[in-house]
Amino acid sequence: MSRRTFIKLSGLAVAVLAASRLLKRPALGSAVSSGEGVITEKWVPTSCLNCATRCATRVRVVNGRAVKVAGNPLSRVSEGENCARANVGLQVLYDPGRVTTPLKRTNPTKGRGIDPGWTEISWEQALNEVSERLKALRGKEQPERLLLLCGLNTVSAEDIIRRFADAYGTPNVVSADGLNNEADKAGEWLADGHYTQSAYDLERTNYILSFGASILESYKPLARSLRMWGKIRRERPIRAKVVVIDPRYSITALRADRWVPINPGTDGALALAIAHVIISEGLYDVDFVKKWTSGFDEYRKLAIDYYDPEAVAITTGIPADTIRQIAGEFARTRPAIAWRGRGATSWPNGSYSSYAIFCLNALVGSIDIPGGVTYQENPEYRLMPEPVEDDPAREGRARPALDLRKTGRFPAAKVVTNQVADSILENKPYPVEMALGFNSNFNMSAPGAGRWDEALGKVSYYVHAAPFISEMAEYADIFFPLTTFMEEWAYDHSPPGSGFAEIRIKQPVVEPLYDTKSNIDIVFEIAGRLGGTVGQSFAGIGDDAQGFVRYRTAGLASWDKLLEQGVWVGPDYEYYKYRRIFKTPSGKFEFRSGNLESLLKEKGEEINSLTCLPHYEEVKFLGNSNEYPLLLSTYQPLLNIENGSQNYPWAQEMFLVMHGAGWTNFIEINRSTAQDLRIKDGDTVWVESRFNKIKARARVFEGIHPGVVSIASGQGHHAYGKWAEGIGVNPNEIIGVDYDRLSGQAALYSTRVRVYRA
Amino acid sequence: MARWGMVIDLDKCTGCQSCAVACKAENNVPHGSPEEHERRTAPFWHKVIAVSNGEYPAVRIDLIPMPCMHCDDAPCVTVCPAKATYRREDGIVIQDFRRCIGCKYCIVACPYGARSFNYKEPEEKEYHRPDLPPERADRGIWPFPHRVHGVVEKCTFCFHRIDQAIREGKKVGEEVVPACAEACPAHAISFGDLDDSDSNVSRLLSSRQWMRLREEMGTSPKVFYLTG
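No experiment lies behind these values; they were computed from the predicted model shown.

## Considering the overall build of chain A
Here comes step 1: For chain A, the helix and strand inventory stands at 26 helices and 28 strands.
Here comes step 2: Over its C-alpha trace chain A gives a radius of gyration of 26 Å, about what one expects of a compact globule, namely 27 Å for 758 residues.
Here comes step 3: Here the C-alpha coordinates of chain A stretch approximately 75 × 70 × 60 Å along the principal axes.
Here comes step 4: The 758 residues of chain A split such that 61% are buried.
Here comes step 5: Counting only contacts in chain A whose residues sit at least 6 apart along the sequence, the fraction spanning at least 24 positions is 75%.

Structure, rendered in structure tokens:
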């Protein structure tokens, strides 16, 4: 049923209506009051960037003002839908606190809450000054001392920033991924060689077993999950069943058929106990396991010998009968998905837990089948020529990276975001002389946030690019005001989920409101000013943001068609590609990781009988349990906007729907725990870890494990924003620094705290 | 004459609040502030509420999207001394800003908390667009183009959309629906003619278990929730 009419898909075509026509309509009131005469309106296809899903949207523009965001029915990823974040795009564009012109710092002292003494400068001056600095650093043949920090950017901006780093000669491009899903990705890599989050074929599955995956709030691609949720519940003959394992009653748990609270950090043990049941009861997919997997015997022995449901019941706090029941359901209801999320994987044992959970999919044959795990196709953007290299670029890029990725410390890591602050502070492996941040805000979003304040204070020249002032922008020497995603050219695609590829084109829905530039344009301008091989590397790929988008998407469809439709959808997904998909030494799905074995051998690291198998390691928590009896966890509510700001009234006033609360966050605490601590709902309490303490409002809550307290992320801004500053608290102020060793993923939930009335 | 009603499938709803935000954008409903939130005076025409039951670990929280229920026997209509609130022939309960005297009887009378009082001066609405009634051009004319300080406001079932659709011969409930229904990514919200046994809402109600909120009040709401 098409209940949405797709009006005026003709995108840029402008409908002009005379007001006089409107006046003739029989209406209850005087409909048109002002006498401007003509109303122009158009729908412009573009896409959102309030989270990494980057949904296709259409924006309604009336008299030059964006007034409404809606989905784009041509998008197959979200099937024309959006989530609430997309609507908030209007408030991102019209945020009254946006920076309107480049700024330069006059106060040399840097620190939290210290006024930078901004003075307005021209783009010419700002770009020249930054380019001179970059030139000088490269002139000293130390290009690796340039650090590029990336928050949430468009895929096109990520591509251009990476290219700049390569041409300039620095290995130090650091994204926020190391704070989110690296252990999740490593888990899949251990099994099948794909260092990626899994694409789950939600639409066709009959059973979802979620291990800490916030499918309805923060997991990407979100709008697709929301759409498919409706589909799997009530738009097919079979209603899919959903079971959620999580210490906290999340929105996903609330909407699931069953919530099973678990002792935090023990998801890996549970996954292996489920494997134990499935194998011992002979419920696994013998055919698939025999034909397309390797290492099964070792895995079976491990699961059978060490992960008896009775034993694991003690570890996880989940009764053995429940484990058996879930395992039986999961194995018998096919196709089924074991879905791992941040709640299960952002731990010091994260990669192994992720691996253990992922293996359950192979046990029941849910690999590359309809309703199982699929392998995301990436869009085929037009390839760029290799960047032009000179000696400084080659040598700089060959230096070890600041985040210690791929070293003995973090052998499998692609990016270790949170390590960078310590590397800066310790000048290891070398000092950072200059940093450029694109929409990053790590001194809010990274655990041990205070270290980032120190580190940024130490960087002698910092340039920040964002549409608004943020906590990180406070440390900038130069501030580049960016356009918002509603005003710029870019291309984008979603994280894994749909299987098939899809590209979205971002085009300005309104003219830039202020004297701002897109980050792509800024990089082109800087590269041009640097000249030499850097300049050459940026020649012939489009010259500016619009040209670059056009260059990279050439060959997919005509430019006019891309602009008119806003999306390009790739061919349908093909299942059962077993001969091609496994990137492992055996060419099969590996229950014993050959990829890890060869990596560790190459690094000369020790390998014991467990190292390459999915197994459970007990988490060492930060803080002892006598002094700090509770574990602090965090979660991302849907209306935590991911661009580094929270200065959006719509997002604020609906922030915590489950608590009927807005404009705040809480320390959520189980009722019985609160009673023991004599804490009442609404009390102001101290939440104190070994590292720091914060004052928060208590919310006595039935939906949380008695040994856990939880704080929603996204609040606690202190640098800026009429609707953000001073609202709620930032749990990262008190969370300690800890990592998953293999992937370098920040361990987000292993900090112990005590809570007491303030 | 149709009798418009809404059916919200709580099994499909994901609690994402797209409905609530889309309503704000569509109807130019001002946002609140921390203070208004604390006083519970922040204006909403559509809000997702949480209802909590049980104790850990057997807790159960329901998230319920709440537009105006457009009751067939609406207490707000009965109590309004100014006839500012009335029921249209098609069952939509309307608030005429120009007749409203701001006495708030209706806010007290409404068992659903569906009504908001507009304490805002127009210039407070920093993000909004005083020059543009919502969706003026393609969705029909909104009858009260100016927000007025000191009156009561509420959900209209997006009657500007419905009226426009009827004028243009479009199918209400299929081609045109209220903004909340249109924005729902899970397709949990359906809209249509309750008196037409062939409408999507009637079909849903005859095939599924449903409930209405505060049935015992005898208000005969026209918003139905599918449960089983």
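## Some remarks on the overall build of chain B
Here comes step 1: If you tally the helices and strands in chain B, you get eight helices and ten strands.
Here comes step 2: Looking at chain B residue by residue over its 228 residues, the buried ones come to 52%.
Here comes step 3: Pairs at least 24 apart in sequence give 61% of the contacts found in chain B among residues at least 6 apart.

## So, the sheet that holds strand β12 (residues 258–260) of chain A
Residues and elements named next belong to chain A.
Here comes step 1: Strand order across the open sheet formed by four strands is β12-β11-β10-β14, with parallel pairing between neighbours. The sheet terminates laterally at β12 and β14 (336–340), the two strands that pair on one side only. Adjacent strand axes in the sheet meet at a mean angle of 15° when their direction is disregarded.

## Remarks on the domain arrangement of chain A
Residues and elements named next belong to chain A.
Here comes step 1: Here the domain parsing of chain A yields domain 1 (103–180 + 387–488 + 511–556), domain 2 (201–375 + 588–603) and domain 3 (630–757).
Here comes step 2: Look at where the C-alpha atoms of domain 2 and domain 3 centre, and you get two points 27 Å apart.
Here comes step 3: The partner domain 3 presents 24 residues to the 17 residues of domain 2 that form the contact.
Here comes step 4: At the level of elements, α7 (251–255) and α14 (350–363) are the ones that each hand at least two residues to the side of domain 2 that touches domain 3.
Here comes step 5: Looking at the side of domain 2 that touches domain 3, its residues break down into eight nonpolar, seven polar and two charged.

## Quick look at the pairing of strand β24 (residues 666–670) of chain A
All names here are of chain A.
Here comes step 1: Of all the five residues making up β24, five are buried; the element is thus mostly covered by neighbouring parts of the structure.
Here comes step 2: Alternating positions in β24 separate into two faces, F666, E668 and N670 on one and I667 and I669 on the other, with burial throughout.
Here comes step 3: For β24 and strand β26 (residues 693–701), the ladder comprises five bridges, and the chain directions are parallel. Bridge assignment links E668 to a residue of β26, and that residue is R699.
Here comes step 4: Across three bridges, the pairing between β24 and strand β27 (residues 708–712) is antiparallel. Within the sheet, the bridge partner assigned to I669 lies in β27 and is V709.

## Some thoughts on the packing of helix α8 (residues 267–280) of chain A against helix α11 (residues 309–316) of chain A
All names here are of chain A.
Here comes step 1: Where α8 meets α11, the axes come as close as 10 Å, and the angle between the chain directions of the two elements is 160°. The angle between the axes of α8 and α11 places the two elements in the roughly antiparallel class. Regarding α8 and α11, the two cross each other, and that crossing is left-handed. Contacts from A269, L270, A273, H276 and V277 in α8 reach P309, V312, T315 and T316 in α11.
Here comes step 2: Considering only residue class, the contact of α8 with α11 consists of six nonpolar, three polar and no charged.

## Digging into the environment of A:F538
Residue and element names in this part refer to chain A.
Here comes step 1: Within the fold, F538 resides in the loop between α20 (532–537) and α21 (545–553).
Here comes step 2: A residue is classified by how many C-beta atoms lie within 10 Å of it, and F538, with 24 of them, is buried.
Here comes step 3: Sequence separation between F538 and I318 is 220 residues; the distance between their C-alpha atoms is 57 Å.
Here comes step 4: When sequence neighbours within four positions are dropped, the list of residues in contact with F538 reads F524, A527 and G528.

## Re the pairing of strand β11 (residues 241–245) of chain A
Residue and element names in this part refer to chain A.
Here comes step 1: The buried count for β11 comes to four of five residues, which makes it a mostly enclosed element.
Here comes step 2: As paired elements, strand β10 (residues 207–211) and β11 share five bridges and run parallel to each other. Bridge pairing links L209 to V243 in β11.
Here comes step 3: As paired elements, β11 and β12 share three bridges and run parallel to each other. Bridge pairing in β12 links V244 to W259.

## Description of the packing of helix α3 (residues 123–139) of chain A against helix α19 (residues 519–530) of chain A
Residues and elements named next belong to chain A.
Here comes step 1: It is the contact of α3 with α19, at a shortest axis distance of 9 Å, that shows an interaxial angle of 55°. One finds that α3 runs oblique with respect to α19. Crossing of α3 against α19: the hand is right-handed. From α3, L127, N128, V130, S131, L134 and K135 reach across to α19, where they touch E525, I526, R529 and L530.
Here comes step 2: Partitioning the contact of α3 with α19 into residue classes produces five nonpolar, two polar and three charged.

## Describing the confidence of the model for chain A
Here comes step 1: In this model, chain A carries a mean pLDDT of 94, and residues with pLDDT of at least 70 account for 95%.
Here comes step 2: A low-confidence stretch, residues 1–37 of chain A stays under pLDDT 50, and its non-local contacts, those more than four residues away or across chains, total 58 contacts.

## Here we look at the sheet that holds strand β21 (residues 567–569) of chain A
Residue and element names in this part refer to chain A.
Here comes step 1: Read from one edge of the open sheet, three strands run β19-β20-β21, paired in antiparallel fashion. Each edge of the open sheet is held by one strand with a lone partner, namely β19 (490–492) and β21. The sheet shows a mean angle of 15° between the axes of neighbouring strands, direction not considered.
Here comes step 2: One ladder, built from three bridges, connects β19 with strand β20 (residues 502–506); its direction is antiparallel. Residue pairing across strands places D492 opposite R504, the latter belonging to β20.

## What to know about the environment of B:L205
All names here are of chain B.
Here comes step 1: Structurally, L205 is set in helix α8 (residues 200–207).
Here comes step 2: Judged by local crowding, L205 falls into the partly exposed class, with 18 C-beta atoms found within 10 Å.
Here comes step 3: Here the alpha-carbon distance between L205 and N27, two residues 178 residues apart in the chain, equals 28 Å.
Here comes step 4: Ignoring anything within four residues of it in the chain, the contact list for L205 reads V7, W210 and F224.

## Comments concerning helix α2 (residues 84–93) of chain A
Here comes step 1: Of all ten residues making up α2(A), ten are buried, and the element is well covered by its neighbours.
Here comes step 2: Buried within α2(A) are the following residues: A:A84, A:R85, A:A86, A:N87, A:V88, A:G89, A:L90, A:Q91, A:V92 and A:L93.
Here comes step 3: Tucked into the core, α2(A) has its buried residues touching β3 (56–62), β4 (65–71) and α25 (649–653) of chain A together with α1 (18–27) of chain B.

## Things to note about the nonpolar core
The nonpolar side chains of a soluble globular protein tend to be buried with one another.
Residues and elements named next belong to chain A.
Here comes step 1: I274, A275 and C359 are the most contacted members of the largest nonpolar core, which has 306 residues in total.
Here comes step 2: Sort the elements by how many residues they give to this core and α8 lands first, with ten residues.
Here comes step 3: Beyond its immediate chain neighbours, meaning those up to four positions away, A275 contacts A303, Y307, C359, L360 and L363.

Criteria and thresholds
Residues numbered from 1 in each chain as written. Chains lettered and ligands numbered in written order. Predicted model: local features only at pLDDT ≥ 70, side-chain atom pairs only at ≥ 80, totals over all residues. Helix = DSSP H or I, 4+ residues; strand = E, 2+ residues; numbered from the N terminus. Rg over C-alpha atoms; globule rule 2.2 N^0.38 Å. Buried ≥ 20, exposed ≤ 12 C-beta atoms within 10 Å, placed from the backbone. Contact = placed C-beta atoms within 7 Å. Pairing = 2+ DSSP bridges. Axes fitted to C-alpha atoms, helices over the stretch in contact; angles between N-to-C directions. Domains from an automatic or database assignment. Nonpolar A, V, L, I, M, F, W, Y, C, P; charged D, E, K, R; others polar. Parallel < 35°, antiparallel > 145°, perpendicular 65-115°, else oblique. Left-handed = near helix turned anticlockwise from the far one by under 90°. pLDDT = per-residue confidence, 0-100. Core = buried A, V, L, I, M, F, W, Y, C linked by C-beta atoms within 7 Å.

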